[in-house]
Amino acid sequence: MEMIKKPYISIICCVYNGENLIEDAILSILRQPYQDIELLIMDDGSTDKTRKIIQNYTNSTKVRYFYQENKGPGVARNNLFSKARGEWIMFLDADDFYFENSINASFVDELKRLEKENVDVIKTPKSTCSFEKTNFKTYNLDKVGTFCDTITESTKVYFEFFTLIYRKKIILENGILFKTTIPEFETIFRHECVYYSK
């Protein structure tokens, strides 16, 4: 039996009734020049044609589809952490997409360099994904951990959680989850990852 190569980057996406947008999100990943990635999609109880659209792409080894009853995006992302096989976690919402050439050889070379320096959380100068016209301008990614010494000082970190790249082990080893009973659960997740980063 042929061994499936472990992806280097796992991209986590959750979707609820996203039939009009999810295909663009999927294609934006499949068209990236760097191919050692996986896209994990949690269908959060969609009642439209979302499942059917996603299943058109599950023949690709890069797209993995999961389903749960509707519990919200935080729970959906939490349930995907243990399923991710990559060294690094990135996020993509179903109504967003990654710009062309966002994940390319230069990006990955810089990521691997920082990994050798034991960096756990990396910010991008601009978001890789949005409907806004922003994109990577340079590949000099910055260590985020130095911006935050304690959780109480983490308000100094002004990045949206989806503009950061997280080493998977920092999430799993510290039991970091989206705390979905808190309104700002995405912000708290980001702060916890930064707090525990090297």
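The sections below set out a description of the structure shown in this document. (Residues numbered from 1 in each chain as written. Predicted model: local features only at pLDDT ≥ 70, side-chain atom pairs only at ≥ 80, totals over all residues. Heavy atoms only, no water.)

## Some thoughts on the pairing of strand β4 (residues 88–91)
For clarity, the cut-off: Using a 1.4 Å probe on the protein chains alone, a residue whose accessible area is under 20% of its type maximum counts as buried, one over 50% counts as exposed, and one in between counts as partly exposed. Labels follow the DSSP assignment, with helices taken as runs of H or I lasting at least four residues and strands as runs of E lasting at least two, numbered in each case from the N terminus. Pairing between strands is defined by DSSP: at least two bridges between them are needed.
Of the two faces of β4, the one holding W88 and M90 and the one holding I89 and F91 are both buried throughout. One ladder, built from 4 bridges, connects strand β1 (residues 9–15) with β4; its direction is parallel. When the bridges of β4 are listed, I12 appears paired with F91.

## Observations regarding the layout of surface pockets
The criterion, for reference: In this analysis the probe radius is 1.4 Å and the grid spacing 1 Å, with only protein atoms considered; a cavity is a set of points the probe fits into but cannot get out of, a pocket is an open set with protein on both sides within 12 Å along at least five of seven lines, and lining residues have an atom within 4 Å of a point. Grid points are joined across faces, edges and corners, and a volume is the space filled by probe spheres set on the points. Three classes are used, and their members are as follows: Ala, Val, Leu, Ile, Met, Phe, Trp, Tyr, Cys and Pro are nonpolar, Asp, Glu, Lys and Arg are charged, and the others, Gly among them, are polar.
Computed from the structure, the largest pocket encloses a volume of approximately 190 Å³. Lining the largest pocket are D24, L27, S28, R31, Q32, F97, Y98, F99 and E100. Residues belonging to the lining of the largest pocket are distributed by class as follows: 4 nonpolar, 2 polar and 3 charged.

## A word on helix α4 (residues 105–116)
The cut-off we apply is this: To estimate how far a helix should extend, the number of its residues minus one is multiplied by 1.5 Å. Of all possible arcs, the one meant is that of the directions from the helix axis to the C-beta atoms. By definition, residues are in contact when any of their heavy atoms lie within 4.5 Å. Polar contacts, as counted here, are pairs of nitrogen or oxygen atoms within 3.5 Å of one another; within protein the pair requires one atom able to donate a hydrogen and one able to accept it, and residues that are adjacent in sequence qualify only if both atoms are side-chain atoms.
Over its 12 residues, α4 extends 17 Å from the first C-alpha to the last, a length consistent with the 16 Å expected when each residue adds 1.5 Å. When α4 is considered as a whole, its buried residues turn out to be F107, V108, E110, L111 and L114. The arc enclosing the buried residues of α4, seen along the axis, measures out at 160°, which places them on a common side. Exposed side of α4, more than 90 degrees from the buried face: A105, D109 and K116 are the residues found there. Along its buried surface, α4 packs onto β1, β4, β5 (121–123) and β7 (164–167). The N-cap of α4, judged by a side-chain oxygen 3.2 Å from the amide nitrogen of S106 a few residues on, is N104.

## Focus: the nonpolar core
Defined as follows: Side-chain atoms within 4.5 Å link the members of a nonpolar core, which is a set of buried Ala, Val, Leu, Ile, Met, Phe, Trp, Tyr and Cys residues.
Within the largest apolar cluster, 32 residues are counted, with the highest numbers of intra-cluster contacts made by I9, I11, I22 and I103. Counting residues per element, the ones that place at least two in this core are β1, α1 (22–30), β2 (37–44), α2 (50–55), β3 (63–68), β4 and α4. The dominant element in this core, judged by the number of residues it contributes, is α1, at 5 residues. Contacts of I22, omitting those with residues within four sequence positions, involve C13, V15, I53, I54 and A94. Ranked by size, the runner-up nonpolar core spans 22 residues in total, among them A84, I89, Y166 and C193.

So far we have only geometry, and geometry alone does not tell us how the molecule works.
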